[in-house]
Every structure is written in structure tokens, then in C-alpha cells.
There are 2 protein chains.
Amino acid sequence: MRQNLPTRSNTPDLRDVIAAGTLTAVDRWLHEIPGSWRRSEQVDDLTDAEIRRLVALLTPQTARELFDSIDTPAVVGVLEVLPPVVAAGLLDALDDDRSAEILRGLDDDHRQQVLAGTGAVRSATLRGLLSWPQDSAGSRMNPDVASVSASMTVSDAIEAIRARAAETTLGEGDVLVTASPDHRLVGVVSYLDLVLSQPHTLIATIMDPEVVSVSALEDQEVAARLLADHDLSAVPVVHDGALLGIISADDVVDILEAEATEDAERQGGSAPLEVPYLRASPFLLWRKRIVWLLVLFLAEMYTGTVLRMFEDELSTVVALTFFIPLLIGTGGNTGTQITTTMIRAMAMGQVEMRNILRVVRKEVATGVLIAATIAGIAWVRALTLGVGEEVAITVAISVVVIVLWTSLVASVLPLLLNRLGVDPAVVSGPMITTVVDGTGLIIYFTVARLVITQLGAG
Amino acid sequence: MRQNLPTRSNTPDLRDVIAAGTLTAVDRWLHEIPGSWRRSEQVDDLTDAEIRRLVALLTPQTARELFDSIDTPAVVGVLEVLPPVVAAGLLDALDDDRSAEILRGLDDDHRQQVLAGTGAVRSATLRGLLSWPQDSAGSRMNPDVASVSASMTVSDAIEAIRARAAETTLGEGDVLVTASPDHRLVGVVSYLDLVLSQPHTLIATIMDPEVVSVSALEDQEVAARLLADHDLSAVPVVHDGALLGIISADDVVDILEAEATEDAERQGGSAPLEVPYLRASPFLLWRKRIVWLLVLFLAEMYTGTVLRMFEDELSTVVALTFFIPLLIGTGGNTGTQITTTMIRAMAMGQVEMRNILRVVRKEVATGVLIAATIAGIAWVRALTLGVGEEVAITVAISVVVIVLWTSLVASVLPLLLNRLGVDPAVVSGPMITTVVDGTGLIIYFTVARLVITQLGAG
């Protein structure tokens, strides 16, 4: 992952486009700012008055290009300052699934007003899409799918698709799905198959009857994972066996990207931001971060209690303090390495509860190798700090026990939480670090008591 | 991200299939074990003898289905135990891009032997693909792209595609790319467009001349990001303007998944595993983890030096020790939250060096809100531990300074490293934690010296 650094000079600003006030200026801007992110950022910077002037400059075509490319919060920001009828008109330029996604972003009142300004047929379709639960496959599908029946010939099918394409915009990458008259999904045919087949061939003979489909009520991530695992170009969405729509590969890319972002944010110990980082206000960042920070802070307070329990040891052998950050830091690092790797593997469907024994065996074996490597260095380090041989041995033994203990906790915790129905991605680096900090201190001082003569050890 | 737990009973084992020794058993197994991961795992568990017996049971069709679905290390494991000629025969069932990917996994000798067993034309194509740098768009593209010229009619184009499809397997989801006679890429047409157009229409009139393409030498992630940002169904790959191949959406899904996995692993403080987690041996896990663990351990040793510098303070006011894990823990958590969010935003192309001031302003403002929230609680906690008011004030002030200092360091470090050409994903949770541990201690004891009368403060 490396970014090149584009210069900002010479790239036209949307403000200048609005000031110029011509359709060509809009076209040029769309041509020169191709990326979704740059466009969203510039749209987001506009004042309400500028937004209204921009919208007046859009044709259905440029509206579609703009609103398909910028992110949903940016489109919602535009629609919120427009009269509902104008907003409804803009949505007419977009596909049903995209329109529904945007409508979900509006508050209830605004959404109803915009729907009221939309034609009856379209409004019914959109209400249908909005009725599926948020983040379900149904909420994400494109209902504008070309379906043909298995008994048609290729030329009949092409006629049917043409008729459908005249009414609505069909997704380009979509696989064509055949369904019998009661709209059950019975097979799939690609546009390529249609191009390659002779006109009189029956669809039934060229279709692939083994269709991988997803239920409309499933999470959208299940659909995405299906497409990824089976190298499909699209996943049909069904309910009670009947075909409802399709989720195509470019939607899957968006779903998987959003999932990876959410998991990354959770893993860093925050609640998911849900908006692009640069668009998040300090207050929003605070809100997304403070809950976990406080929970962890309260949990970490336990370390103070542990240390006070060992106050005598600490004042007798002050040198023990020198190794506190090193020991708990190493525990935290080991734990973070394990949980992040495991949680990613769980997200990809590679590790499940039934693998728990295999995981624990693997992690404890790895822990032995790691502990052996680090204990030696810790021992040498303790000696060079001039703290005496007993403290050095205490540190070396503690490293071994802490690494093994952490390996066990970090490998079991995500699987256990998942089993309890909790998203394992909440086992963030900060969380596992906090969990092993207190226990690490107990291990350290217990070892100290056993090893160091001054502390009453034999 | 939640996983359901499928039961293992009733799922056929590949070993049983091999024991049964029939083509139907293989078919049934492919049907009942649809997921890439389960299949790979079972293939990986086979002995050399079992692999050879399995290969004897494969038809070109089932070989394709099996090797397209299991992951590359699993296929490589199979090919390594086969005579080169048999391995070459198996590869013939696969697409060129998939074959090249697998060949890259073999060691040099084996690769040359397998290529020697492949027909001259195919071998030349594969050598061509292998000549592009690893992880480049060229190494990932499918050269089996149907190209037609802009001057053709739709019916000519369909004839050309049929002729091409008779020679090779065209990717279903691929967008058809038109190129002028010198093979320059001049536009793009979808299969759907061909289905919808009248036979006598000129390709030039239905093609979209604004093609987003990627240079073969670019990183594959650039191609993936282009497709994701522009909602394309495929990205053509060019070199010096000439069309070489295409990267389709299902490849992009794989590329982005691999990228997210790599970044997640780096963020957890490991080197990327490169194989699925359950397939990694403890020794491999050790190798991927120990380097960063040692680097961080050596860096963390610095905290011992800092604490020894403040040995007098520690023995005078032992209570100061109680808050060491809490303070450095909070610093580490704050830093981890910031770097993970930023690094994900950088991976998605949303944050760059030129945003540095905006990022720092945002993070410091957020830091002020967070510090204010936590300082109050820290102060109360210190009082309840009965350590006296001076230590309580020291802890509260230290929290504020540590959080602000961490906000600054954590927001600048990833951007700075990226500028220096280092992948910012190496700024893992463990790394930022280690960086702020030592400095956090210096802040803490400096504040203590200034506040606590016993330590000679005014």
C-alpha cells in the first residue's frame, strides 16, 4: 500500500465550475477529477447556495455520473438542501439500488417527502427496497435485473432483454438470470453466452443450472463472501426461492472495502467511523473513540490495584519497576499479533470455533519459540542494567510465562466471543493489551517473590 | 462480521473420495464442499500418494473447477509431487492468468520443467505473463481478452468473438475492449451492449471512448483501486498504449482482500503471513512475528533506562509506580486508535501528505476532548487509591499531556513514513504503543518533579 502524491495545482475546483455556470464546465470537471474521493470532498465543501446552483447545471447524464461516483453522505448532503421535488427528480437519474441507498441516508420526514415527489411505480419499487433490513442483501440488490424464462430461445431472450433495457438501465456486469414463470430462479446465463449462441438455441440448454444465490434477508457480507469465494461476477438475490434482484461485483467490492475498514477501525479500538476520515469532525472522532478508551481505562485501573498489592516488593526492590513497561509491553505486542491475524482469518471464514484446539496448539507452540528467543535477550538486558542476577532471572522467567499466557488468552478470546454472538473484531490491540497488562503484572511479581531472596524466597 | 458454525458431520472427506476412486465421487465432493477454504484445507491434508490418485480421477473440467477454487499454495503443493508433464497437462485446463499465478509459486527448476511440457504457443504466453514483475497489473491480467476493431459492425464483432471463444475461454464478466489495428485501446463495449444493438451498427458508434486503463507495470492494487473507485466491471491493462489483457472484478476482489489481510497483519505488528492462517506452521508464525517483536522489545528497553533515571523519585514516592501501566496504556490506546484509522484512510487513497495540517489539527482537537474526559476520571481514581492529592494532580496533568503528545506523533508518523517511501501500515498498534511508552514515562516523571513537594518542587 503506497500512495503517490499528486499535486493539487491545475486541478479545477468545483467552486470555479459553479462560478463559470456552464454545462461544459461541469463536464470538464467530471473529466478531470475522476476519483470518487476528490469529488466527494469538493461537493462536501460547497455552501447550500452553491449546491443549488450546481444542481441547476446538471443534466440527467451528469447528475448520474456525479451521484454514482461520490459517496452517500455527500449525496445526502446535497439532497437535504433541495426542495423534495427537485431531489426526487435527481434520484430519477439513478438506479433503484443506488437511490434506495441514498434515501436511507435521509431523515424520515425528508425521505417521505422525496418519495412523495417520485412517480408511483418507482416509488413503490424504492419503498420495497427500503423495507429490507439495513445491510441485508435485499437492501443492497439491484432489482433491475433482466430475467428470461428457460423455455425461450436465445433470440426471444435477446428481444426480452431489449424490451427491459428500453424501460430501465440494466447493470453491465450483471449475469443474466433465467427463472420459470413463477419467478423461481432455475439457472443463469451470461451475456457472453447469449452473444456466442445461435438464435434458435433454447436458453434451457445453455444455462448453468447450478446457481449460487443468497437470501434477501442475509447480511450483505454473506453475498460478498459468496461472490469472492466462487469467483462469480454477480450474486442473484432470492426470497422464498423467487428472484428479486442481483448484487454485482462492483457492489461486492464496495461491501468488502467497507467491511475491511470497519474491522480495521474496530481492531484499532474505535467504533467504526462510518464516514471517510477527513470528513469526520473532532467531535465525531471523540464520540467513536471515547467509549472504548474509557472502558479500557477503567479496566486498566486494575493494574494500579495489582501494583499496590505488591507495594512492599516495589519499595524493597525498586529495580523491579524498571521492567514493568517492557514486560507488559511485550505481552501486549504478542497478544496483538495473535488476535489481529486470527480475526482477519475469521472474517475470511477460515477459522471457526471447531478449530479452537488446532488454534491453541499452534499458538502455544509459536509462543514457546517466541518466549525462548526473547527470554535470553531480556536476561542479558537485565544484567546490563546492573540490577543483579536475581532480578535478571525473574525478568527472564516472567517473559516466558507472560508470552505463553498471552498466547493462550489471545487465541481463545476471539473464538469465544464469536461463539457468544459478539463480533470478534472488538478484540482490538488495545483490548488484548489491557487484558494481559494486569495478569502480566501478577505473573511478574509472583515470580519475583519466588526467585528473589530479599522478598523472602527460599 | 459473524460466522455461523456449520457442523462437520455429513460433509464428505476428500480422502473418502480418493478411496472410492470414481469420477462421480469427485463430482459429488465438488458439489458438497463449495467453499474455497474447505477445499484447500482438505487438498492440503493429502499425502503425496493420495494426490497422485486424486489427479488420476480428474477430468479437464473437474481439474479446472478444483484448481480455480483452491488457493495457490494448495495447487502448488499438488503440482510439486507430480511429474512435470502431468502438471503441464493439468495447467492446460486453466486460464493463462491463473496458470501463471500458479507457476510463480513453483521453484525455478520445477517451473521450467512444467513450461517445457507445455505446448509452444501457450508456453510463450505464460513466459510473457511471468516476465512482468510480481504483483504488477501485467502479472495479474488475463490475456484472453476478446478484442474487436472500432470499424467492425456488431455482427462482425460477434463473429470475431465467437472465433476467439472457440480457441480459448473468455472471462464471463469481462468487458469487451475495442482496439484499432495497431492494437491501441480506443474504447470499450460491454457484452450487454452487443446483445442490445442491431447487427449493422458500427462498434465505433456504440463504444464508450473514455476507457479507464492501467499500465502493465503498475502495482495490481492500483488497478484494483481504479475498478473500485469507478465502479467498473473490469480494467483493461495496456503497455505503451497497446492492449495486453484485462483484470476483471473477481480478480479485484481477490487483490483487495489480500491487501486488506496484509495490512491487517502489518497493523497487528507481524510481517504478512502470505498463507491462510490455519495452514501456517508455528515456525512460520514465529518467523513472521519475531522480527517486529524483537525490534519493539529492543526499543521498549529504553523505558527501563528512563525509569532508572527516575529511580530516586520512584523510591521516594512508590505510589508513582501504580499509575505507570495506566498512563502508558492510555497513551498506547489513543495512538493505536489514530494510526489504524489513518492508515486505512491512506490505503483507500483518502489521506495524503498534503492533508497533514488538516489531520494534525483534527487529531489535536480530538485529543483535547479525549484528554479532558479522561483526566477527570484519572484524578478521581488516583484519589480513591489513597495516594494523596499531589500524586492525583500529577496523574491528571500527565494524562492530558500524554494524550496530546500521542495525538501529534500518531497523526504525523504514518504520513511521514509514507513520504519516505515506507508502507505506513508498518505503524502498527504495537509500534505506536512502544514509541509513546518511553516518552510517556518522561512526561509523567517530569510532571511529578514539578508538582510533588517531596520531590523538591516549589
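Because the structure is a prediction, the values reported are computed rather than measured.

Engineer: How should I be thinking about the overall build of chain A in this particular structure?
Structural biologist: Scanning chain A from terminus to terminus reveals 22 helices and 6 strands. Over its C-alpha atoms chain A spans a radius of gyration of 30 Å, topping by over 25% the 23 Å that the globule rule assigns to 458 residues. Its C-alpha atoms give chain A principal-axis dimensions of about 90 × 60 × 40 Å. In chain A, which comprises 458 residues, the proportion classed as buried is 59%. Across chain A, contacts joining residues at least 24 apart in sequence account for 67% of those joining residues at least 6 apart.

Engineer: What should I look at first to understand helix α4 (residues 48–56) of chain A in this one?
Structural biologist: Note that an α-helix has 3.6 residues per turn; residues three or four places apart therefore point the same way. Residues and elements named next belong to chain A. Here α4 has its buried residues at Glu50, Ile51, Leu54 and Val55. On an axial view of α4, the arc spanned by its buried residues comes to 135°, and they lie on one face. Buried residues along α4 sit against α1 (14–20), α5 (60–69), α6 (72–80) and α7 (84–91).

Engineer: What is the right way to read the pattern of salt bridges from this model?
Structural biologist: Oppositely charged side chains can form a pair if their charged atoms are brought close together. Counting across every chain of the model gives 44 salt bridges over all chains. In the salt-bridge network here, residues are joined through shared partners; they are Arg64, Asp68, Asp95, Arg98 and Glu101 of chain A.

Engineer: Explanation requested: the sheet that holds strand β5 (residues 234–239) of chain B in the structure shown.
Structural biologist: Two orientations exist for strands paired in a sheet by backbone hydrogen bonds: parallel and antiparallel. Residue and element names in this part refer to chain B. Read from one edge to the other, the open sheet built from 3 strands follows the order β4-β5-β6, with strand pairing classed as mixed. If you trace the sheet from one side to the other, it starts and ends with β4 (214–215) and β6 (242–248), each paired once. Judged from the 2 bridges that link them, β4 and β5 form a sheet pairing that is parallel. Pairing of Val214 across the sheet is with Val237, part of β5. In this fold helix α15 (residues 220–230) packs onto β4, β5 and β6, with an angle of close to 140° to the strand it touches most, β5.

Engineer: What should I look at first to understand the layout of surface pockets in this one?
Structural biologist: The rolling of a water-molecule-sized probe over the atoms marks out the regions of remaining empty space. Put simply, the second largest pocket is a space of about 310 Å³. Residue lining of the second largest pocket: 19 residues in total, with Ile158, Arg162 and Pro199 of chain A together with Ile158 and Arg162 of chain B positioned closest to the centre. Of all the secondary-structure elements, those providing two or more residues to the lining of the second largest pocket are α12 (154–167) and α13 (191–196) of chain A together with α12 (154–167) and α13 (191–196) of chain B. When residues in the lining of the second largest pocket are grouped by element, the largest group, 5 residues, is from α12 of chain A. In terms of residue class, the lining of the second largest pocket is built from 10 nonpolar, 6 polar and 3 charged.

Engineer: What's the story with the relation of the copies chain A and chain B in this structure? I'm lost.
Structural biologist: Turning one copy of the chain about an axis and sliding it along that axis gives the other copy, so a rotation and a shift relate them. Of the transformation placing chain A onto chain B, the axial shift is 0.0 Å and the rotation is 180°, giving an RMSD of 0.0 Å. Such a combination of turn and shift is consistent with a two-fold rotation axis. Comparing interface residues between copies, 100% of those in chain A also sit at the interface in chain B, which points to an isologous, same-surface contact.

Engineer: Please explain unusual backbone geometry as it appears in this structure.
Structural biologist: A positive phi is found at Asp240 of chain A, a non-glycine position, where the angle reads about 50°. Under the relative-accessibility criterion, Asp240 of chain A is labelled exposed at 62%.

Engineer: I'm lost on the UniProt feature "transmembrane region" (unreviewed entry) in chain A in this one. Help?
Structural biologist: Residues and elements named next belong to chain A. Summarizing the sequence annotation, UniProt attributes the feature "transmembrane region" (unreviewed entry) to residues 290–310, 322–343, 364–385, 391–417 and 429–452 in the numbering used throughout. Taken end to end, residues 364–385 has its terminal C-alpha atoms 30 Å apart, with 95% of it in helix and 0% in strand. Its end C-alpha atoms 33 Å apart, residues 429–452 is made of 96% helix and 0% strand.

Engineer: I'm lost on the UniProt feature "domain: CBS" (unreviewed entry) in chain A in this one. Help?
Structural biologist: What UniProt calls "domain: CBS" (unreviewed entry) maps, in this numbering, to residues 141–205 and 207–262 of chain A. Taken as a whole, residues 207–262 of chain A contains 45% helix and 27% strand, while its terminal C-alpha atoms sit 38 Å from one another.

Engineer: Help me understand the packing of helix α19 (residues 324–347) of chain A against helix α16 (residues 249–267) of chain B in this model?
Structural biologist: Each pair of packed helices can be described by the angle between their axes along with the distance between the axes. Contact geometry of α19 of chain A with α16 of chain B gives a least axis separation of 9 Å together with a crossing angle of 160°. Relative to α16 of chain B, α19 of chain A is oriented roughly antiparallel. By crossing handedness, the relation of α19 of chain A to α16 of chain B is classed as right-handed. In contact with Thr340, Thr341 and Arg344 of chain A of α19 of chain A, α16 of chain B contributes Glu257, Ala260, Thr261, Ala264 and Glu265 of chain B. When the residues that make up the contact of α19 of chain A with α16 of chain B are grouped by side-chain class, the tally is 2 nonpolar, 3 polar and 3 charged.

Engineer: Help me out: how do you make sense of the packing of aromatic side chains in this one?
Structural biologist: Two numbers describe a pair of aromatic rings. These are the distance of the centres and the angle of the planes. All names here are of chain A. Counted according to the given criterion, the structure contains 6 aromatic pairs over all chains. With 4.8 Å between their ring centres and 15° between their planes, Phe310 and Phe445 make a pair best called stacked. You can see Phe310 sitting in the loop between α17 (282–309) and α18 (311–316) and its partner Phe445 sitting in helix α22 (residues 429–451), a full 135 residues away along the chain. Looking at Phe445, the relative accessible area reads 0%, which means it is buried.

Engineer: Quick question: what am I supposed to make of the sheet that holds strand β4 (residues 214–215) of chain A here?
Structural biologist: All names here are of chain A. The strand order β4-β5-β6 describes an open sheet built from 3 strands, whose pairing is mixed. Every other strand in the sheet has two partners, leaving β4 and β6 (242–248) as the edge strands with one partner each. Sheet strands in contact with helix α15 (residues 220–230) are β4, β5 (234–239) and β6, and its direction is about 140° off that of β5.

Engineer: What should I look at first to understand the interface of chain A and chain B in this one?
Structural biologist: Reports often express the size of an interface as the amount of accessible area lost when the parts come together. If you look at the interface, chain A gives 137 residues, while chain B gives 139 residues. Interface area for chain A against chain B, summed over the two sides, is near 12300 Å², with a carbon-plus-sulfur share of 63%. Where chain A touches chain B, the interface holds 8 salt bridges. One salt bridge in this structure joins Arg344 of chain A and Glu257 of chain B, with 3.6 Å as the shortest N-O distance. Considering only residue class, the side of chain A that touches chain B consists of 68 nonpolar, 36 polar and 33 charged.

Engineer: Honestly, the pairing of β6 of chain B in this entry has me stumped. Any pointers?
Structural biologist: Side-chain positions along a regular strand alternate between the two faces of the sheet. All names here are of chain B. Counting buried residues along β6, 6 of its 7 residues qualify, which places the element largely inside the surrounding structure. Inspection of the sheet shows β5 paired to β6 by 6 bridges, in the antiparallel sense. Paired with Val238 across the strands is Leu243, a residue of β6. Remark: 2 residues form the turn of the hairpin made by β5 and β6, two consecutive strands paired antiparallel; Asp240 in that turn has positive phi of roughly 50°.

Engineer: Got a minute to help me understand the side chain of Glu265 of chain A in this structure?
Structural biologist: Relative to the elements of secondary structure, Glu265 of chain A occurs in helix α16 (residues 249–267). Within the local environment of Glu265 of chain A, its side chain forms a polar contact with the backbone nitrogen of Leu273 of chain A, the two atoms lying 2.9 Å apart. Apart from residues lying up to four places away in sequence, Glu265 of chain A is in contact with Ser270, Pro272, Leu273 and Glu274 of chain A together with Thr341 of chain B.

Engineer: What am I meant to see in helix α5 (residues 60–69) of chain B here?
Structural biologist: Residue and element names in this part refer to chain B. Looking at α5, one finds that the buried residues are Thr62, Ala63, Leu66, Phe67 and Ser69. End-on, the buried residues of α5 take up no more than an arc of 165°, which puts them together on one face. Away from its buried face, by an angle of more than 90 degrees, α5 presents the exposed residues Pro60 and Gln61. Against α2 (23–32), α3 (36–44), α4 (48–56), α6 (72–80), α7 (84–91) and α8 (96–105) lie the buried residues of α5.

Engineer: Explanation requested: empty space enclosed by the protein in the structure shown.
Structural biologist: A full pass over the atoms with the stated rule returns 9 cavities of 30 Å³ or more. Considered as a void within the structure, the largest cavity measures approximately 250 Å³ in volume. Elements that contribute at least two residues to the lining of the largest cavity include exactly α16 and α19 of chain A together with α16 and α20 (324–347) of chain B. Residue composition of the lining of the largest cavity, by class: 8 nonpolar, 4 polar and 4 charged. Approximately 170 Å³ is the volume found for the second largest cavity. Taken together, 19 residues make up the lining of the second largest cavity; nearest its centre are Gly332 and Thr433 of chain A together with Gly332, Asn333 and Thr433 of chain B. Among the elements of the structure, α19 and α22 of chain A together with α20 and α23 (429–451) of chain B are those that each provide at least two residues to the lining of the second largest cavity. Top contributing element to the lining of the second largest cavity by residue count: α19 of chain A, with 6 residues. For the lining of the second largest cavity, the class distribution of residues is 5 nonpolar, 12 polar and 2 charged.

So, how was this worked out
Residues numbered from 1 in each chain as written. Chains lettered and ligands numbered in written order. Predicted model: local features only at pLDDT ≥ 70, side-chain atom pairs only at ≥ 80, totals over all residues. Heavy atoms only, no water. Helix = DSSP H or I, 4+ residues; strand = E, 2+ residues; numbered from the N terminus. Rg over C-alpha atoms; globule rule 2.2 N^0.38 Å. Buried < 20%, exposed > 50% of the residue type's maximum accessible area, 1.4 Å probe, protein only. Contact = heavy atoms within 4.5 Å. Arc of directions from axis to C-beta. Salt bridge = Lys/Arg side-chain N within 4 Å of Asp/Glu carboxyl O. Pairing = 2+ DSSP bridges. Axes fitted to C-alpha atoms, helices over the stretch in contact; angles between N-to-C directions. 1 Å grid on protein atoms, 1.4 Å probe; cavity = no way out; pocket = protein on both sides within 12 Å on 5 of 7 lines; lining within 4 Å. Points joined across faces, edges and corners; volume = space filled by probe spheres on them. Nonpolar A, V, L, I, M, F, W, Y, C, P; charged D, E, K, R; others polar. Least-squares fit on C-alpha atoms with pLDDT ≥ 70 in both. UniProt positions renumbered as here; feature names shortened; annotations may be inferred. Parallel < 35°, antiparallel > 145°, perpendicular 65-115°, else oblique. Left-handed = near helix turned anticlockwise from the far one by under 90°. Phe/Tyr/Trp six-rings, centres within 6.5 Å; stacked < 30°, edge-to-face > 60°. Buried area = accessible area lost by both parts, 1.4 Å probe. Polar contact = N/O pair within 3.5 Å; in protein donor to acceptor, adjacent residues only side chain to side chain.

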